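Each chain, written out:
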Amino acid sequence: FEFGISFLSQNHWVEEYNLSLSLYDNAAKCCLSIGDSEKLEKFSTQVLSNARSFEDKLNIYYFSISALCHASLLEEAFSKGVQILSMLGEDLPQIRTHDEKIGH
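Read on for a plain summary of the structure.

Procedures and definitions
- Residues numbered from 1 in each chain as written.
- Predicted model: local features only at pLDDT ≥ 70, side-chain atom pairs only at ≥ 80, totals over all residues.
- Heavy atoms only, no water.
- Helix = DSSP H or I, 4+ residues; strand = E, 2+ residues; numbered from the N terminus.
- Buried < 20%, exposed > 50% of the residue type's maximum accessible area, 1.4 Å probe, protein only.
- Contact = heavy atoms within 4.5 Å.
- Areas by Shrake-Rupley, 256 points an atom, 1.4 Å probe, with all protein chains shown as cover.
- Core = buried A, V, L, I, M, F, W, Y, C linked by side-chain atoms within 4.5 Å.

A word on the overall build of the protein chain
- Across its full length, the protein chain holds 7 helices and 0 strands.
- What you see in the protein chain, going N to C, is helices and strands ordered as α-α-α-α-α-α-α.
- Buried positions account for 26% of the 104 residues belonging to the protein chain.
- A separation of at least 24 residues holds for 40% of the contacts in the protein chain among residues at least 6 apart in sequence.
- Surface accessibility of the protein chain: about 7,400 Å² in total, with carbon and sulfur atoms responsible for 52%.

Okay, structure coming up:
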């Protein structure tokens, strides 16, 4: 996918939006699969900055949450998931963390 991305023009998000979205989405997915969090962040940032709709960002949000889970950052993954659900209009009740329950 990086090879394909290298052929895109400077103004590719305007001129070739669907192709750009597909290449960057799939590049991010591959990075998630091989555990390359640095490149995952790079490709994700491009999609989140240039996506035309919330729906076009959903794959990247999923990859981001998955990467957090793979890194055993479950509270962060859960928090990000709740944030995304909130953007979709689904507000969940606040859940206290383990430390809050025991008074730390």
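Details of the nonpolar core
- By size, the foremost hydrophobic cluster in this structure holds 17 residues, and its most contacted members are Ile5, Tyr24, Phe43 and Val47.
- If you list the elements that add at least two residues to this core, you get helix H3 (17-34), helix H4 (37-50) and helix H5 (54-70).
- It is H3 that contributes the most residues to this core, 8 residues altogether.

Take it as geometry only, folks, not as evidence of what the structure does.
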